[in-house]
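What follows is the residue order along each chain.
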Amino acid sequence: MKKTFLWLTFFGLALMSLSIVSCGSKEVNASNGTVLAEFDWNGKQHTVTLEEMEQEISELPEYKRDDYESKEGKEEYLTLMSESRMLLLLAQDRKLNEDPEILKKVDEYLHQLMVEKIAEMEVDNKAKWTEEELKQYYEEHKKDYIDPEQVKVTCITVDDKERAQELMNEIKGGKDIAELAKELSEKGKNVGPGGGNNGDTGFFSRNSYSVAKDFVEMAFVMKVGEMTNEVLEQDVEGPDGTTTYYMIFRKEDHKQERQKEFTEEDVRKDVESEVEKAKKDKLMNEWVDSLKTKANLKTYLDKVVGEPEEKEQMKEEQKSEEQLKE
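Residues numbered from 1 in each chain as written. Predicted model: local features only at pLDDT ≥ 70, side-chain atom pairs only at ≥ 80, totals over all residues. Heavy atoms only, no water.

**Q** Explain the overall build of the protein here, please?
**A** Each helix and strand in the protein was counted, giving 11 helices and eight strands. For the protein, the proportion of its 326 residues judged to be buried stands at 28%. Contacts in the protein between residues far apart in sequence, at least 24 positions, make up 64% of those at least 6 positions apart. (Helix = DSSP H or I, 4+ residues; strand = E, 2+ residues; numbered from the N terminus. Buried < 20%, exposed > 50% of the residue type's maximum accessible area, 1.4 Å probe, protein only. Contact = heavy atoms within 4.5 Å.)

Following this line, the structure appears as structure tokens:
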């Protein structure tokens, strides 16, 4: 699957290059350098060089470059390069570089790249901020950087009442709940919170497990180390109606609400991201407005013809009804 995806990507880029340069007479390869692969096409010799391959890999996004640092990765990339060049030549033979549909897509992509580049030059590269602006944003949005009150429990959840009571009796008889939860989880029979982690729910807030409100409320009220004295019957509403689950749990930890500080790495990164976005939005609006003024843009909205809003609303309602029936 990975090779197929990469191969199609190479081929797509090759066709785009073919269309952009209209390379009916352009050689596909560079002859200078250390030859890693060669092939014959219509009586002409073509090569792929080490220098070309290294250049292409260096231009990949960082997360993709990592895939081609090893010897095996470079061998895979070389194969893809060779195959894509043969496909490019085949496409050229069949005059796909003159295909109107391909040329239209190339134009659209070229325009997109040009717009992205000019926006980068006029907006992205000019979006600067100071440390004071970051701190000011944090102070104005401190409520967005609060770790809510959280608890953690060890939990057993089954869908059989008699089995739940048997488990409760085992625990009251001296068996550790964590051991039982682990055994049930390994058998795939611990079907509730923490079931995929040996019964350990990890920390969760009051907004977690919205379908199991009784469980959440009890978990927050209990003391650390306290365990349910009886099996909790928790009704859960689902698409097929109400299902009752039977829960036994012990509270392991409780963390109070905490104000996160600006100096914490995740907070600072988020603040930088928000400030950067606001700066870019402001610059973009100002830049576009200046272009409109410079070009003396006029729009005649009264001449735009569309369906009445009521008809559009009816369409949306009809669409929603049809989706519900599916």
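**Q** I keep staring at the packing of aromatic side chains and nothing clicks. Help me out?
**A** When we look at a pair of aromatic rings, we describe it by the centre distance and by the angle of the planes. Summed over the entire model, instances satisfying the criterion amount to eight aromatic pairs. Taken together, a centroid distance of 4.9 Å and an interplanar angle of 70° make the contact between Tyr 68 and Tyr 77 edge-to-face. The same class applies to Tyr 68 as to Tyr 77, namely buried. Taking 5.7 Å as the distance between ring centres and 25° as the angle between the ring planes, the aromatic pair formed by Phe 204 and Phe 215 counts as stacked. One end of the pair, Phe 204, is in strand β5 (residues 204–205); the other, Phe 215, is in helix α9 (residues 213–221), with 11 residues separating them in the sequence. A single burial state applies to Phe 204 and to Phe 215, both of which are buried. Here the aromatic residues Phe 204, Tyr 209, Phe 215, Phe 220 and Phe 249 are joined through ring pairs into a cluster of three or more. (Phe/Tyr/Trp six-rings, centres within 6.5 Å; stacked < 30°, edge-to-face > 60°.)

**Q** Help me out: how do you make sense of the packing of helix α6 (residues 131–140) against helix α10 (residues 265–295) in this one?
**A** Two quantities define a packed helix pair, namely the angle between the axes and the distance from one axis to the other. Packing of α6 against α10 brings their axes to within 10 Å, and their N-to-C directions diverge by 105°. Between α6 and α10, the crossing angle belongs to the class labelled roughly perpendicular. Where α6 approaches α10, its residues Glu 131, Glu 133, Leu 134, Tyr 137 and Tyr 138 are matched on the opposing element by Val 267, Arg 268, Val 271, Glu 272, Glu 274, Val 275 and Lys 279. Grouping the constituent residues of the contact of α6 with α10 by class yields six nonpolar, no polar and six charged. (Axes fitted to C-alpha atoms, helices over the stretch in contact; angles between N-to-C directions. Parallel < 35°, antiparallel > 145°, perpendicular 65-115°, else oblique. Nonpolar A, V, L, I, M, F, W, Y, C, P; charged D, E, K, R; others polar.)

**Q** I would appreciate a short explanation of α10 in the present structure.
**A** An α-helical segment advances 3.6 residues per turn. Residues three or four places apart therefore align on the same side. Here α10 contains 31 residues, and its C-alpha end-to-end distance of 44 Å stays within 8% of the 45 Å for a straight helix at 1.5 Å per residue. For α10, every residue scored as buried is listed here: Val 267, Val 271, Val 275 and Trp 287. Here the buried face of α10 lies against α5 (100–122) and α6. (Expected span 1.5 Å × (residues − 1).)

**Q** Is there a simple way to think about the nonpolar core in this case?
**A** Most often, soluble globular proteins have nonpolar side chains that are buried together. Counting residues in each nonpolar core, the largest one holds 14 residues, and the members touching the most others are Ile 156, Leu 167, Ile 171 and Ile 248. Put simply, the parts of the chain that give this core at least two residues each are β4 (150–158), α7 (161–172), α8 (177–186) and β7 (241–255). For Ile 248, the residues in contact, after removing those within four places along its chain, are Thr 154, Cys 155, Ile 156, Ala 164, Leu 167, Met 168, Ile 171, Ile 177, Met 227, Thr 228 and Val 231. (Core = buried A, V, L, I, M, F, W, Y, C linked by side-chain atoms within 4.5 Å.)

**Q** What am I meant to see in the pattern of salt bridges here?
**A** Should the charged atoms of two oppositely charged side chains come close, the side chains can pair. Under the counting rule described, the total for this entry stands at 27 salt bridges. For Glu 75, the salt bridge goes to Lys 71, with nearest N and O atoms at 2.4 Å. Of the two residues, Glu 75 and Lys 71 both sit in helix α4 (residues 71–93), four residues apart, roughly one turn of that helix. Residue classification places Lys 71 among the exposed residues on the basis of a relative accessible area of 59%. (Salt bridge = Lys/Arg side-chain N within 4 Å of Asp/Glu carboxyl O.)

**Q** Sorry if this is basic, but what is going on with the environment of Met 284 here?
**A** Along the chain, Met 284 falls in helix α10. Taking the C-alpha atoms as reference points, Met 284 and Asp 124, 160 residues apart in sequence, are found 8.9 Å from one another.

**Q** Just to check I follow, could you spell out the sheet that holds β4 for this structure?
**A** Strand pairing in a sheet relies on backbone hydrogen bonds, with the paired strands running either antiparallel or parallel. In space, the four strands of this open sheet follow the order β5-β4-β7-β6, with antiparallel pairing throughout. Taken across any chain shown, the strands that pair with only one partner, and hence form the sheet edges, are β5 and β6 (232–238). Inspection of the sheet shows β4 paired to β5 by two bridges, in the antiparallel sense. Each bridged residue has a counterpart across the sheet, and for Val 151 the counterpart in β5 is Phe 204. Sheet strands touched by α7: β4, β6 and β7. Its angle to β7, the strand with the most contacts, is close to 25°. Contacts from α8 reach β4 and β7 within the one sheet, and its direction differs from that of β4 by about 60°. (Pairing = 2+ DSSP bridges.)

Keep in mind that these numbers describe shape and distance, not what the molecule does.
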